[in-house]
Amino acid sequence: MRPLFLYTGVEWSGSARAFSVAARAFAEAGDPVTFVVDHQANVREHVPGAGFDMAELDASGGWLNAALALRKILRQKNPDVVFVHTDREHLIAGVACWLARRGGIVRRTPAGTRLSMGTGARIAARLRRTVYLFTHEADVRAAVLPRDAKTVVAELGVDPTHYPVDLEGEELAQAEAATPESDKGSHFLCIYDLHARGRAAMAIRTLAMLAPRHPSVHLFVVGPGSDYEDVRMHIAAVDLLPRVSLLGERDDVASLIAAADLGWVACEGDEAAFAMLDMMALGVPVVTAEDAIARRYVADGISGLVVPWGDAALAAGMVAGLLASPERIDAMGEAARARVARDFGERAMLEGFDRAASLARDGKRGHAPQQ
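Quantities reported herein were computed from a predicted structural model and do not represent experimental measurements.

Remarks on a nonpolar patch on the surface
- A contiguous nonpolar patch, built from Trp63, Leu64 and Leu68 and spanning about 250 Å² of accessible area, is present on the exposed surface.
- The residue Trp63 is located in helix H2 (residues 63–77) in this model.

Description of the nonpolar core
- Grouped together as the largest cluster of nonpolar side chains are 67 residues, with contacts concentrated most on Phe5, Phe35, Phe83, Leu156, Met276 and Phe353.
- Of the residues forming this core, the biggest block, nine residues, is contributed by helix H10 (residues 269–281).
- When neighbours within four sequence positions are excluded, Phe83 is seen to be in contact with Pro3, Leu4, Phe5, Leu6, Phe19, Phe26, Val106, Leu133, Phe353 and Ala357.
- Among the nonpolar cores identified, the runner-up in size contains 32 residues, and Ile204, Leu246, Ala266 and Ala315 belong to it.

Examining the packing of helix H1 (residues 14–28) against helix H14 (residues 346–361)
- Where H1 contacts H14, the axes come no closer than 10 Å and their chain directions differ by 80 degrees. On the basis of their axis angle, the class for H1 and H14 is roughly perpendicular. On H14, the residues touching Ala18, Phe19, Val21, Ala22, Ala25 and Phe26 of H1 are Glu346, Met349, Leu350, Phe353, Asp354 and Ala357.
- Of the residues belonging to the contact of H1 with H14, the class tally is ten nonpolar, no polar and two charged.

Comments concerning the sheet that holds strand S4 (residues 81–84)
- Spatially, S3-S2-S1-S4-S5-S6-S7 is the arrangement adopted by the seven strands of the open sheet, whose pairing is parallel. Among the strands making up the open sheet, the edge pair consists of strand S3 (53–57) and strand S7 (150–153). Strand after strand, the sheet turns through a mean of 25 degrees between neighbouring axes, direction not considered.
- Pairing between strand S6 (residues 130–134) and S7: four bridges, direction parallel. In the sheet register, Phe134 faces S7, and the bridge partner there is Val153.
- Those strands touched by H1 are strand S1 (3–7), strand S2 (34–38), S4 and strand S5 (104–108), and its axis lies near 165 degrees from that of S1.
- Packing of helix H3 (residues 87–100) onto the sheet brings it into contact with S1, S4, S5 and S6, and relative to S5 it is tilted by some 175 degrees.

Cut-off values and rules
- Residues numbered from 1 in each chain as written.
- Predicted model: local features only at pLDDT ≥ 70, side-chain atom pairs only at ≥ 80, totals over all residues.
- Heavy atoms only, no water.
- Patch = residues over 30% accessible without salt bridge, like charges linked within 9 Å, V, L, I, M, F, W, Y side chains within 5 Å.
- Areas by Shrake-Rupley, 256 points an atom, 1.4 Å probe, with all protein chains shown as cover.
- Salt bridge = Lys/Arg side-chain N within 4 Å of Asp/Glu carboxyl O.
- Helix = DSSP H or I, 4+ residues; strand = E, 2+ residues; numbered from the N terminus.
- Core = buried A, V, L, I, M, F, W, Y, C linked by side-chain atoms within 4.5 Å.
- Buried < 20%, exposed > 50% of the residue type's maximum accessible area, 1.4 Å probe, protein only.
- Contact = heavy atoms within 4.5 Å.
- Axes fitted to C-alpha atoms, helices over the stretch in contact; angles between N-to-C directions.
- Parallel < 35°, antiparallel > 145°, perpendicular 65-115°, else oblique.
- Nonpolar A, V, L, I, M, F, W, Y, C, P; charged D, E, K, R; others polar.
- Pairing = 2+ DSSP bridges.

Take a look at the structure:
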């Protein structure tokens, strides 16, 4: 197998992480792997020493120029399959594969996202054989797919052995330096992204309602854009500036999670799924607003709390009940760690990627034949 992963986003994301994990697994199996990124992207910084080749193209202009640039890479690397996420990436890869006369396509849909293909993606699916990769059966049922399309499910997962059960040494020092107030009271860590401001706003409103009776609770917000001025103004509007720390984008998120008492997920898609899995693997109960991803990964009342969307008052009451019982928090953390190990391991996800790649490789153009 010779897979190529095309990621044209400029910022690191959960979708880029899913591709990098799969790329590393293919490389460890001895397959020649190429990871193609936009020349302005910071993805390289997140996959040092990954064991696979990195290539760059300029995806900021027209899709045709990007397709021609990708064609050159395809002729150099001769891949069997190209992995993509978006309609635009699908069109770029479809045209490039058709021009280079090589490679099938795997179109992956991020967790909790409904696939609805545009004209460009439908053209690409006619030019080259495309297999559709999803994270859950519910996402397959919600998708608008071409007739006779082949689908594969690869549930997101993590390897629990890669997470420290207890921080020690340098990791502990880093976590303490990042969260200086966390040695007193309850420490909430909120994982944030730029696309889910409303979810972070709910976390802030919930803390505002908790604050009068729980003066020791402190919220730390981490993630791209979490230290922007509009977030700070929202916090100031509810008079919580002394109770919230905005950490921005960090490389030591795992250490920050491990130092927390509770985790709040304020992001969407793959970012949300990985944030939940990271927290659970580190034994930190997850608090998150109800949606399809939360219902999939969090066992409400057992490994965390799934709170009603938009009802900060009810969420504050639920969290207050949890804060009153440290033993329950510990029990939830242990249940979360066990749930990840039992139900959301990395192996099943990687098998799904491999199965999708094999299906895409078997034909040269059009849809897969009926089995």
